[in-house]
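Residue strings, one per chain:
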Amino acid sequence: FALGAANWALGGIASGKNLYDKATAYFHKAIPYMEQSGQIFMMAFTRRSLSWAALAAKDFEEANTQFRECIILYERDGQCWETLNTIMQIAEMFMTQNMPERAVELLTMINGHPATIEATRQHVSELLANLQAELDEADFRAARERGQALELAAVVKTLLTELA
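If you're wondering where the values come from, they're calculated on a predicted model, not measured in any experiment.

Asks: A description of helix α7 (residues 118-134) should follow, citing residues and the corresponding values.
Replies: The first and last C-alpha atoms of α7 sit 24 Å apart over 17 residues, in line with the 24 Å expected at 1.5 Å per residue. Those residues of α7 lying buried are T120, V124, L127, L128 and L131. For α7, the angular spread of buried residues about the axis comes to 105 degrees, placing them on one side. Among the exposed residues of α7, those oriented more than 90 degrees off its buried face are A119 and A133. For α7, the secondary structure elements touched by its buried residues are α5 (80-96), α6 (100-112) and α8 (137-148).

Right, here's the structure in full:
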């Protein structure tokens with residue numbers, strides 16, 4: 001586990017310095033150590049970190065793959081709040097891919113879920129405010145209504161297909 005954690009930390013440092021190729025290499029090195037130790041939470045967290053490095057490098061295919069694996073791991077580990085945090089980050093990715101209405105749907109679902117932690121809820125509210133300013137009022141309202149009707153299990157199932 002220690003070597004996995006060290007590689008994860010080095011990946012974080014490299015990512016913070018915008019050295020995404022190095023960050024990606026460190027995160028990839030960390031994963032087998034996390035798998036060997038059975039640390040599902042850290043395996044998922046490392047994959048989410050890898051997703052962000054891939055996004056920063058505009059490698060959306062890699063980001064999709066890692067976000068998908070992250071959701072699978074958090075779901076297997078029963079980490080509902082981390083599944084929600086990951087979906088929030090996927091919504092942020094959708095915002096960068098000119099899919100603001102899809103982002104609103106996901107963020108609205110997250111905002112209304114009882115397992116969402118306060119820090120996530122605050123960030124979601126900020127993102128929704130930005131999207132509301134960007135979208136036509138009717139489009140925003142319609143996306144919010146669709147998001148209010150979503151259930152987490154269905155969203156997970158859909159995202160696993162969408163990100164494949």
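Still to come is the rest of the account.
Asks: Break down the packing of helix α4 (residues 60-77) against helix α9 (residues 152-162) for me, citing the residues and quoting the values.
Replies: Viewed as axis vectors pointing N to C, α4 and α9 meet at an angle of 145 degrees, and their least axial separation amounts to 9 Å. Our pair here, α4 against α9, has a crossing hand that is left-handed. In contact with R68, I71, I72 and E75 of α4, α9 contributes V156, L159 and L160. In the contact of α4 with α9, the residues fall into 5 nonpolar, no polar and 2 charged.

Asks: I'd like a rundown of the environment of M42, residues and numbers included.
Replies: Mapped onto the secondary structure, M42 falls in helix α3 (residues 40-56). Here the alpha-carbon distance between M42 and C70, two residues 28 residues apart in the chain, equals 9.9 Å. For M42, the residues in contact, after removing those within four places along its chain, are F1, W8 and M34.

Asks: Can you lay out the environment of N64 for me, pointing to particular residues and giving the numbers?
Replies: Relative to the helices and strands, N64 resides in helix α4. Residue class for N64 comes out buried when judged on its relative accessible area of 19%. Note: C-alpha distance between N64 and E137 (73 residues apart in sequence) is 29 Å. Ignoring anything within four residues of it in the chain, the contact list for N64 reads M93 and L163.

Asks: An account of the packing of aromatic side chains is needed here, citing residue identities and associated values.
Replies: Inspection of the entire model under this criterion finds 4 aromatic pairs. Seen in terms of ring centroids, F41 and F45 are 6.3 Å apart; in terms of plane orientation they differ by 5 degrees. Their pairing is stacked. With a gap of 4 residues between them, F41 and F45 both fall in helix α3, about one helical turn apart. Using a relative accessible area of 28% as the deciding quantity, one classes F41 as partly exposed. For F45, a relative accessible area of 25% puts it in the partly exposed group.

Asks: Mind laying out unusual backbone geometry, listing which residues take part and the relevant values?
Replies: Residues other than glycine seldom take positive phi values, yet K58 does so here, at roughly 60 degrees. Mapped onto the fold, K58 is located in the loop between α3 and α4. On the basis of relative accessible area, K58 is assigned to the exposed category, the value being 63%. The phi torsion at N98 lies on the positive side, around 60 degrees, for a residue other than glycine. Mapping N98 onto the fold places it in the loop between α5 and α6. For N98, a relative accessible area of 65% gives the class exposed.

Cut-off values and rules
- Residues numbered from 1 in each chain as written.
- Predicted model: local features only at pLDDT ≥ 70, side-chain atom pairs only at ≥ 80, totals over all residues.
- Heavy atoms only, no water.
- Helix = DSSP H or I, 4+ residues; strand = E, 2+ residues; numbered from the N terminus.
- Expected span 1.5 Å × (residues − 1).
- Buried < 20%, exposed > 50% of the residue type's maximum accessible area, 1.4 Å probe, protein only.
- Arc of directions from axis to C-beta.
- Contact = heavy atoms within 4.5 Å.
- Axes fitted to C-alpha atoms, helices over the stretch in contact; angles between N-to-C directions.
- Left-handed = near helix turned anticlockwise from the far one by under 90°.
- Nonpolar A, V, L, I, M, F, W, Y, C, P; charged D, E, K, R; others polar.
- Phe/Tyr/Trp six-rings, centres within 6.5 Å; stacked < 30°, edge-to-face > 60°.

These figures capture arrangement, not role.
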